[in-house]
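# Coordinate analysis (summary)
Below, each chain spelled out in residue letters.
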Amino acid sequence: LIFVKHSHTDPKGVLSDLEKALENDDEFEHKWIVIDRDEMQPNGGGHEVENFNGAISSAKAKKIQVAHSNPSFELWYLLHFEYRNSPIDRDAVTKELKKYVDYAKNSQTIYQEILPLQEVAIANAKRLKATYEVDSRKVHPTIDNPSTTVFELVEFLNGLKK
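In this text, all values refer to a predicted model and were calculated from it rather than measured experimentally. (Residues numbered from 1 in each chain as written. Predicted model: local features only at pLDDT ≥ 70, side-chain atom pairs only at ≥ 80, totals over all residues. Heavy atoms only, no water.)

## Comments concerning the environment of P42
- Structurally, the position occupied by P42 is in the loop between β1 (32-36) and α2 (49-61).
- Judged by its relative accessible area of 85%, P42 falls in the exposed class. (Helix = DSSP H or I, 4+ residues; strand = E, 2+ residues; numbered from the N terminus. Buried < 20%, exposed > 50% of the residue type's maximum accessible area, 1.4 Å probe, protein only.)

So this is what it looks like as structure tokens:
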């Protein structure tokens, strides 16, 4: 198990960083990227929808698993504390999260802080995903806000411990 350092924060860039890191080493059975929708903001930041969708389709074509969140990765953290199924923007997710923890972007301690609530987050994320999967519909990562499949990666990693 390795975590590839990345120099990009946009979805296609994250995928490219993984591919570059593994270009001479294809021995890994499982490969994952973690990306978020992060819509373009009037004050800057974010990325185009084509970047997000392109990363997902390219990754799937290359047999790379994608853990995605819409609107932001912080939704996964928020689901540790509350179930949320109404649309929300990335700034509001962070504001809500700060009601529960002293959160700062790229926190080195957040994992340990919220680990005891991981099963709650997994249950909330599965419940949220199920709201979209009605009548054979699948999750549409670009338009389903809020949504996350980070729990699938977490469950996979937890399964490696056994």
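After that view, the rundown keeps rolling.
## Some thoughts on helix α6 (residues 118-132)
- End to end, α6 covers 22 Å across 15 residues, agreeing with the expected 21 Å (1.5 Å per residue, within 8%).
- Of the residues making up α6, those classed as buried are Q118, A121, I122, N124, A125, L128, K129 and Y132. The buried side chains of α6 occupy one side of the element, clustering within an arc of 165° when seen end-on.
- Here the buried face of α6 lies against α3 (74-78), α5 (110-114), β3 (147-148) and α7 (150-160). (Expected span 1.5 Å × (residues − 1). Arc of directions from axis to C-beta. Contact = heavy atoms within 4.5 Å.)

## Here's the deal with the nonpolar core
- Core analysis: the largest hydrophobic core is formed by 21 residues, its most contacted members being W76, Y77, L79, V101, Y103 and I110.
- Taken together, the elements giving at least two residues each to this core come down to α3, α5, α6 and α7.
- Sort the elements by how many residues they give to this core and α6 lands first, with five residues.
- Ignoring any residue separated from it by four or fewer positions in sequence, one finds L79 in contact with R84, V120, A121, N124, A125, L128 and T148.
- Residues L22, I33, A55 and I64 belong to the second largest nonpolar core, which totals 12 residues. (Core = buried A, V, L, I, M, F, W, Y, C linked by side-chain atoms within 4.5 Å.)

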